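Chain residues, written in single-letter form:
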Amino acid sequence: MNHEPIIIMDFNQKRLKFEKPLQVWQSYNKENVKEIFDKVQEAINNQFYVAGYVSYECAPAFDRHLSVCDPDAEIPLVWFGVYDKPVEKEAIRRAGEYNISDWSIGKDFSEYKNNIACIHEAIARGETYQVNYSTRLQAKFSGDDFAYYEHLSEAQHTNYSAYLNIGRYRILSVSPELFFQWNGDNIRTKPMKGTLPRSESKRALLESEKNRTENVMIVDLLRNDLGRIAKTGTIKVPKLFEIEEYPTLYQMTSTIEANTKQGITLFDVFQAMFPCGSITGAPKISTMKIISSLEQEPRHIYCGAIGLFVPGEGITFNVAIRTVLVDTLTQQAVYGVGGGIIWDSTAVDEYEEMRTKSRVLTNRNLQIGKTEVDCE
């Protein structure tokens, strides 16, 4: 069946819609990722618009030492469309209707608690300092998935939202996190690490030793990642421990900047930085091995990256958190959620943080078992 992809990028409060791609490059095989990136680089060099995504399971295509679970053979590992320009004007259409069931969590609290204990044991052995452990929520979905995306994005007001209709699969990302913005030789990354619900205060998050520890670990990791592609002496951290406010939570962010070496390509940037350290933990290689052994299921687009190249404005990729993947064939919706686990983390607190982050799905559809936490 022929299908025309529809891509909507809502980056930095500016909407760009793309239809009728000149070319689509996608692959289900990590061996083809480098070739696709070479083609994307050529399109960028020729000043075409490019939009697409890279799934978390692409990581070994950039570094064979990075461990992931086996990807789903039905979902492209990487997908990019090339365009002359965005749609001039998007006609305002009436939002359709959709139905979504209550979300259910893939792991009960007992299993979750056991896995947190395994992470603490790995920290004690010196294998890791922080593990970004995650799980999946699932729901049944039918109807207008774009209407659901609009619902989510309007409720959250995030800077790096995107809607990708690539056929059978629909990606609804309302991510607040910047992976990197690269324009000329200037590259900037802004990892999020540290969360408290709105029932707390900004000051409580700023003064939280645990959250500051999580954040600085990832800042150090990303400084090291940038060091592989940056000119000597150009890496700096202009902002540390900033607090961003969202309708359901507070997030702690820091900003790292650098100037890239001459001749660096998009593939080089991904080789150095992907996946973003904020959704792996540190050190990256050993920690991703722990993640794959505990999660035992692919993350897909969750914790991957969704990106856009605009001629004259550079390349921007988000970290694909707060992201729903809809399979229109099975009517299954999946949402990944997780958090950074360090030595001071407790299973109860981390489970509650997971619930806080899941409120993006809208409170009226969120029922993932608060009593499971209370039983502790």
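From a predicted model like this one, the values you see are computed outputs, not experimental measurements. (Residues numbered from 1 in each chain as written. Predicted model: local features only at pLDDT ≥ 70, side-chain atom pairs only at ≥ 80, totals over all residues. Heavy atoms only, no water.)

### Some details on the environment of Phe 62
Then step 1. Secondary-structure assignment places Phe 62 in helix H2 (residues 59–62).
Then step 2. When its relative accessible area of 4% is taken as the criterion, Phe 62 is described as buried.
Then step 3. Sequence spacing of Phe 62 and Gln 271 is 209 residues, and the spatial spacing of their C-alpha atoms is 4.7 Å.
Then step 4. In this structure Phe 62 touches Val 33, Phe 37, Val 54, Phe 267, Phe 270, Gln 271 and Phe 274, once residues within four positions along its chain are discounted. (Helix = DSSP H or I, 4+ residues; strand = E, 2+ residues; numbered from the N terminus. Buried < 20%, exposed > 50% of the residue type's maximum accessible area, 1.4 Å probe, protein only. Contact = heavy atoms within 4.5 Å.)

### Regarding the pairing of strand E9 (residues 160–165)
Then step 1. Among the six residues of E9, six are classified as buried, and the element is accordingly described as predominantly covered.
Then step 2. Burial along E9 is two-sided: Tyr 160, Ala 162 and Leu 164 facing one way and Ser 161, Tyr 163 and Asn 165 facing the other are all buried.
Then step 3. Relative to E9, strand E1 (residues 6–11) runs antiparallel, the two sharing six bridges. The partner of Asp 10 across the bridge, within E9, is Ser 161.
Then step 4. Hairpin connection, E9 to strand E10 (residues 169–175): the antiparallel pair is bridged by three residues, and Gly 167 has positive phi, about 115 degrees. (Pairing = 2+ DSSP bridges.)

### A look at the packing of aromatic side chains
Then step 1. This model, assessed by the stated rule, comprises 28 aromatic pairs.
Then step 2. Centroid distance Phe 18 to Tyr 83: 4.9 Å. Interplanar angle 40 degrees. Geometry classified as tilted. In this pair, Phe 18 is assigned in strand E2 (residues 14–18) and Tyr 83 in strand E5 (residues 78–83), connecting sequence segments 65 residues apart. Like Phe 18, the residue Tyr 83 is buried in the burial classification.
Then step 3. Each ring, one from Phe 62 and one from Phe 274, has its centre 5.5 Å from the other, and the planes form 70 degrees; the classification is edge-to-face. One end of the pair, Phe 62, is in helix H2; the other, Phe 274, is in the loop between helix H7 (266–273) and strand E16 (281–282), with 212 residues separating them in the sequence. (Phe/Tyr/Trp six-rings, centres within 6.5 Å; stacked < 30°, edge-to-face > 60°.)

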